[in-house]
Structures are given as C-alpha cells and as structure tokens.
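Fold and geometry: a report
Spelled out, the chains give:
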Amino acid sequence: MINVTKTFLPPIEEYNELVKRAWDKAWITNNGELVQELEQKLKSYLGVKNLLFTGNGTIVLQMAIKALNITKEVITTPFSYVATTTAILWEGCTPVFTDINRDDFCIDPDRIEEKITENTEAILATHVFGLPCNVDKIKNLAEKYKLKIIYDGAHAFGSYSGGKPLLAYGDISTCSFHATKLFHTVEGGCIICNDDDLANKLMLYRQFGHIGDDYYSMGINGKNSEFHAAMGLCNLKYIDSILYRRKEQWNYYREELKNSQLTLVSIRNEGEFNYSYFPIVFSKETELLETMNRLKNAGINCRRYFYPSLNTLPYLKHQSCDISEYVAQRILCIPLFHDLTRVDQDRIVSLILDKG
Ligand SMILES: *Cc1c(COP(=O)(O)O)cnc(C)c1O
C-alpha cells in the first residue's frame, strides 16, 4: 500500500545512540540537553532568531494568540488544516475568513482590507503546501491597521520568500513536526519570533508559567521530550537529501501531468520552494472521487488536503468563501515521500490519467 505520505525514519542505531545520552542521565524531559541541542541546530538551519521546540504544531498557534494578547477578531484563511481555525476558537477569539488565491491557495491579501473591523486584532494565515503567502502585502496591511501577524508555517520548513526563510516572517511563526510532515520529531512543533521579550514570554508559557518556585504568568504544557528531540536530531542530518529527492519527484509529476486537464500549482520561485506536497485540482468533484477510488483500488491512498473548506465547519456561523470552497471540493494531494520510486510514480500517474 502507498499512502500520501510516508514517515522518514533514520537508521535505528543512530536514534538509539542519541536516546542513550538521555537514558544514561535519566533526564528525559523538561528542557533536557537534546531539546536544547535540537533548538540550536534548528535555529541555525532555519535561519531564525528565537525558536522553541514544543509538543505539537497546534499548541503553538494557541500560545501565539495568547502571547500577542489577541481576544477578538482574527482574519484567517479557510484553506488550511482544521487546527488553524480551532486554535482561534479555543482562545475565545472569532475567526473571520478571507478567501484565497486560486493559484497558490494562500489567503488573498487583496480581500483582507474589506474584512477589517474595529475588533480586528490579528491576521493568522497559512503558507499552504509550503507556498509563501504574500508576506509583503500582509505586512503593509498589518502596519496600516496595527494588526499582529501569525503564520501557521506547518508546511513551511525549508521554504523561503524573497531570500529570507519563510518561518522568519510575521510577529510569530509556527511549524509542525508531526510524523506526516517534511521534517518530523514523531509529534512536535516549534514557535519562532524575532522579539526577545516575546520569546521569553513564550518560554514561560511552555512550562506552566513558572521557573522553579517563581510564578510569572499563566502558562500551559507546551513542552516536548528528549525522545522526540532525538528523532529530530537524527532526521535533521537527512533533511537536505529529503528535500533534494522531493524536488526531483515533484518535477517528475509535473512533467507527466502538465498536459492533462488537471490544474497544477504554479511556483513563483523554484529555488525557494520546499516541494512538500503535490496537489492536483480537478474540474469536477465527481472526477476527484472517481480518481481517488481508482487509486484506492490499486492500493494507493491519496488525501483530500484541505477538505472541507474551514468556513463551512458545522460548528461555525456561516461565512462564505467561494474560491476556497471550490478548491477544497476538487483538490487532491498525491503520494510524495523520500523513497517513492519512479516506478510507483509512473503507476500513480497512469491511474490518474486513467490509462489502465
Ligand atoms: C499539521 C498541521 C497543523 C497541526 O500540527 P500538529 O503538529 O499535528 O498539531 C496545523 N496547521 C497545519 C496547516 C497543518 O498542516
């Protein structure tokens, strides 16, 4: 069976060797040596100033909203994983959906202004599939209306925009290191910011708001363990080859599918993209469902990323976003992972094109 993604696992000896360091000291969580080492290495690999390793890529969205004192309306994208919206709700704020661009699936900056009210405090946008949001336009709007910017960078590991790491943008950027993501620590994530005071605040949040017996603020459990950090340290050694392989596989799919009826993403700057997902957009949902079935019967599981459009979640008051709803009904992500073979790619392509 082939799934849309497959978790990269390093040689087990390399993992065991790292874990043994924590094991021998019997220090397996609470900001241990491997967590600190991973944070240092990630900061230099990603080119960012402050970075905290956390339990997952959802708690960091909540910590970001809390740390920036956001309590009212947040302008956000309807085309993302559900965590982007539920983090806003969980923090007691109101998501105000702004429709997306048809070509890169990111929030359409030209539609943001019309959604701004006196209650708007922040913009929370996702760099969908590692494609960058229009960070310059969003920054200009945020400055004009004094809004905070949070980027859900769960897909942005290894992507750049304008020569700068994508995760370095915004007041705060977050990332997920879940096992299904490009770079993973089994479960995990991180939160990134430039401002040192903000970083200190987030550090306290991550550990219940106290250092020893001194209690500074309200906090939560956002920590991650030495076992997870060990996985990250192992995987980081392979990330360049993973990214390189991805690019080859991605370009192969594009060559094979570019003359079909399917709509493919257009990358603005090839050198800055992490090739993390290969989405295809059908002209009708029925075609998507038929193709998905055909692939499934051949043992190939694709995923409807992202579906449904988040503005249509059953527990929300209705707001319409035509493009996002259109895309969500027709988009499919096809298998892309480090050891997917050319033979498998050929098989997937012919099933998609229905060439028996
Ligand atoms: C995976 C993902 C998340 C959630 O990350 P977890 O580590 O699973 O909590 C949030 N946003 C987006 C866009 C994602 O793809």
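See the structure shown above.
Right, let's walk through the structure included here. (Residues numbered from 1 in each chain as written. Predicted model: local features only at pLDDT ≥ 70, side-chain atom pairs only at ≥ 80, totals over all residues. Heavy atoms only, no water.)

1. Here's the deal with the site of the ligand
Every one of the 15 residues lining the ligand counts as a neighbour, but Gly57, Thr58, Asp152, Ser176 and Lys181 are closest to it. In this structure, Gly57 approaches the ligand through a main-chain N or O atom, which is 2.8 Å from an oxygen atom. In this structure, an oxygen atom belonging to the ligand sits 2.7 Å away from a side-chain N or O atom of Ser176. Judged by its atoms lying within 2 Å of the grid points, the ligand is housed in the largest pocket. Looking at the shell around the ligand, its residues break down into three nonpolar, 10 polar and two charged. (Near = heavy atom within 4 Å. Polar contact = N/O pair within 3.5 Å; in protein donor to acceptor, adjacent residues only side chain to side chain. 1 Å grid on protein atoms, 1.4 Å probe; cavity = no way out; pocket = protein on both sides within 12 Å on 5 of 7 lines; lining within 4 Å. Sits in = over half its atoms within 2 Å of the grid points. Nonpolar A, V, L, I, M, F, W, Y, C, P; charged D, E, K, R; others polar.)

2. Overview of the pattern of salt bridges
Considering all chains together, one arrives at 21 salt bridges under this definition. Close ionic contact of Arg111 with Asp108 constitutes a salt bridge, the shortest N to O distance being 3.0 Å. For Arg111, a relative accessible area of 31% translates into the label partly exposed. As a salt-bridge pair, Asp110 and Lys137 come within 3.2 Å of each other at their nearest N and O atoms. Here Asp110 is found in the loop between β4 (94-97) and β5 (120-126), whereas its partner Lys137 is found in helix α5 (residues 135-145), with 27 residues between them in sequence. (Salt bridge = Lys/Arg side-chain N within 4 Å of Asp/Glu carboxyl O. Buried < 20%, exposed > 50% of the residue type's maximum accessible area, 1.4 Å probe, protein only. Helix = DSSP H or I, 4+ residues; strand = E, 2+ residues; numbered from the N terminus.)

3. Here we look at the sheet that holds strand β9 (residues 172-176)
The strands making up a sheet are joined through hydrogen bonds of the backbone, oriented either antiparallel or parallel. Spatial ordering of the open sheet is given by β2-β10-β9-β6-β5-β3-β4, a layout of seven strands whose pairing is mixed. Among the strands making up the open sheet, the edge pair consists of β2 (50-54) and β4. For this sheet the average axis-to-axis angle between neighbouring strands, irrespective of direction, equals 20 degrees. Pairing of strand β3 (residues 73-76) with β5, which is carried by four bridges, proceeds in the parallel orientation. Among the inter-strand pairings, Val74 is bridged to a residue of β5, identified as Ala122. Sitting on the sheet, helix α4 (residues 82-90) is in contact with β3, β4, β5 and β6 (148-152), with an inclination near 140 degrees to β4. (Pairing = 2+ DSSP bridges. Axes fitted to C-alpha atoms, helices over the stretch in contact; angles between N-to-C directions. Contact = heavy atoms within 4.5 Å.)

4. Structural notes on the packing of helix α1 (residues 12-25) against helix α2 (residues 33-46)
Running from N to C, α1 and α2 cross one another at 140 degrees; their axes reach a closest spacing of 9 Å. Classed by the angle they form, the pair α1 and α2 counts as oblique. Here α1 contributes Leu18, Arg21, Ala22 and Lys25 to the contact with α2, which in turn contributes Glu33, Leu34 and Glu37. Across the contact of α1 with α2, the residue classes tally to three nonpolar, no polar and four charged. (Parallel < 35°, antiparallel > 145°, perpendicular 65-115°, else oblique.)

5. What about the pairing of β3?
Where burial is concerned, the two faces of β3 agree: the one with Glu73 and Ile75 and the one with Val74 and Thr76 are both buried. Relative to β4, β3 runs parallel, the two being bridged by four bridges. Within β4, the residue paired with Val74 across the bridge is Pro95.

6. Considering the environment of Thr71
By the element assignment, Thr71 lies in the loop between α3 (59-67) and β3. Sequence separation of Thr71 and Ile88 is 17 residues, and the distance between their C-alpha atoms is 9.2 Å. Those residues in contact with Thr71 that lie beyond four places of it in its chain are Gly92, Cys93 and Glu121.

7. Remarks on the layout of surface pockets
Here the largest pocket is characterised by a volume of approximately 370 Å³. Looking at the largest pocket, it is lined by 20 residues, and the ones nearest its centre are Tyr81, Ser176, His178, Thr180 and Lys181. Taken together, the residues of the lining of the largest pocket sort by class into six nonpolar, 10 polar and four charged. Each pocket or cavity is described by its volume, and for the second largest pocket that value is around 250 Å³. Along its surface, the second largest pocket is lined by 15 residues, and Lys139, Glu143, Ile149, Gly170 and Asp171 are the ones closest to its centre. Examining the composition of the lining of the second largest pocket, we find that four residues originate from one element, α5, more than from any other. Grouping the amino acids of the lining of the second largest pocket by side-chain chemistry returns seven nonpolar, two polar and six charged. (Points joined across faces, edges and corners; volume = space filled by probe spheres on them.)

8. What about the packing of aromatic side chains?
The final tally for this structure, using the stated rule, is 20 aromatic pairs. Judged by centre distance (6.3 Å) and plane angle (85 degrees), the rings of Phe79 and Phe129 are edge-to-face. Here Phe79, found in the loop between β3 and α4, pairs with Phe129, found in the loop between β5 and α5; they are 50 residues apart in sequence, far enough to count as distant. With respect to burial, Phe79 and Phe129 carry one shared label: buried. Seen in terms of ring centroids, Phe129 and Tyr277 are 5.5 Å apart; in terms of plane orientation they differ by 50 degrees. Their pairing is tilted. Taken together, the residues Phe129 in the loop between β5 and α5 and Tyr277 in the loop between β13 (263-264) and β14 (278-281) connect sequence positions 148 residues apart. Among the aromatic residues, those joined into a cluster by ring pairs are Phe79, Phe105, Phe129, Tyr277, Tyr305 and Phe306. If you follow Arg102 out to its NZ or CZ, it ends over the ring of Tyr326, 4.8 Å from the centre. Over the ring of Tyr307 we find Arg304; its NZ or CZ atom is 3.7 Å from the centre of that ring. (Phe/Tyr/Trp six-rings, centres within 6.5 Å; stacked < 30°, edge-to-face > 60°. Lys NZ or Arg CZ within 6 Å of the ring centre and 35° of its normal.)

Shape is all these values report; function is a separate question.
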